[in-house]
Amino acid sequence: MTNNLRTGREETERLLGEASGTTEFELLGLEWTLLPGVFAPFHSPSTSHYSQWLPYPAGGALLEMGCGAGVTAVYGALRGCTAVTAVDIVPAAVDNARRNAERHGVADRVRALESDMFRALDPGERYDLVFWNSNAIEAPADFVYTQDLEHSVLDRGYESHRAYLREAPRHLTDTGRLFIGFNSRGDLDHLQRIADEEGLRLQKINSTNHEFPDRVVEFRLFEIVRGAS
Ligand SMILES: C[S@@+](CC[C@H](N)C(=O)[O-])C[C@H]1O[C@@H](n2cnc3c(N)ncnc32)[C@H](O)[C@@H]1O
């Protein structure tokens, strides 16, 4: 087993253990619903920090890729985005985001869809802000997902990261902005190589370190912009 895969498996086990039996949590001063198999935003400070760091376009359109429980999507709607799309490859996450949108009275502004990256979206859909808190650990190309939560931690062959960098720019408005939350368990060199191939550059916007029992992880928000690095 590669080191990455071992780290990913350990991380998945940690998430499963921490979330076991939890159906409600508090974050950003609000109460949220959590469904089984969905990334719980209390596993790390990532969701909370990214949700607060993003420059939500007031009156604009937000796409949250890999929405999990839908915290960032709902928070964006509460902060003034008028058209929010929340997508996830895991059906339970889509259901979870929908429930949290209803819970916070923004179901009229938040659409939740099951999708592998951009596949379920109309090719003509454009957003003012696109964001993904990614599953940063690269799994081998022959990895087979057996549990929903593995999608929160492991990306097989960085397929989803490649698709995100290739396709997200096509879904931006003329002034639209693209972001990724990418933690230090991920392979930044590999992400940068993909960005180079797509003619894109990563600019660190903000970061925070968090101490886990076994290591310190840096949670970093990057803006992805056109141009060579
Ligand atoms: C680290 S979790 C973040 C969840 C949520 N955004 C949050 O911050 O609490 C990554 C999310 O991306 C989703 N995901 C992974 N691969 C995906 C893909 N190819 N298409 C859509 N969603 C994906 C996972 O299911 C998971 O919900």
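The name given to the protein chain in an unreviewed UniProt entry is Methyltransferase domain-containing protein, with Streptomyces venetus as the source organism.

(A) Here's a closer look at the nonpolar core. Judged by nonpolar contacts, the single largest core of 38 residues is most densely connected at Phe-25, Leu-34, Val-38, Leu-54, Val-84 and Phe-131. Counting residues per element, the ones that place at least two in this core are strand E1 (24-27), helix H3 (71-78), strand E4 (83-88), helix H4 (91-103), strand E5 (110-114), strand E6 (127-133) and strand E11 (216-226). Those residues in contact with Phe-25 that sit more than four places away from it in its chain are Leu-30, Glu-31, Trp-32, Thr-33, Leu-34, Pro-41, Phe-42, Ala-69 and Val-71. Residues Ala-61, Val-87, Trp-132 and Ala-168 belong to the second largest nonpolar core, which totals 27 residues.

(B) The arrangement of the site of the ligand in detail. Around the ligand, the structure places 21 residues, and the nearest of them are Gly-66, Asp-88, Asp-116, Met-117 and Asn-133. A distance of 2.9 Å is found between a nitrogen atom of the ligand and a side-chain nitrogen or oxygen belonging to Glu-64. Contact between the ligand and Trp-132: an oxygen atom at 3.2 Å from a side-chain N or O atom of the residue. Protein coverage of the free-state accessible area of the ligand, which is 590 Å², stands at 98%. When contributions to the shell around the ligand are tallied by element, the ones reaching two or more residues are strand E3 (61-65), E6 and helix H5 (150-153). Of the residues in the shell around the ligand, the class split is eight nonpolar, 10 polar and three charged.

Cut-offs used in this document
Residues numbered from 1 in each chain as written. Predicted model: local features only at pLDDT ≥ 70, side-chain atom pairs only at ≥ 80, totals over all residues. Heavy atoms only, no water. Core = buried A, V, L, I, M, F, W, Y, C linked by side-chain atoms within 4.5 Å. Buried < 20%, exposed > 50% of the residue type's maximum accessible area, 1.4 Å probe, protein only. Helix = DSSP H or I, 4+ residues; strand = E, 2+ residues; numbered from the N terminus. Contact = heavy atoms within 4.5 Å. Near = heavy atom within 4 Å. Polar contact = N/O pair within 3.5 Å; in protein donor to acceptor, adjacent residues only side chain to side chain. Areas by Shrake-Rupley, 256 points an atom, 1.4 Å probe, with all protein chains shown as cover. Nonpolar A, V, L, I, M, F, W, Y, C, P; charged D, E, K, R; others polar.

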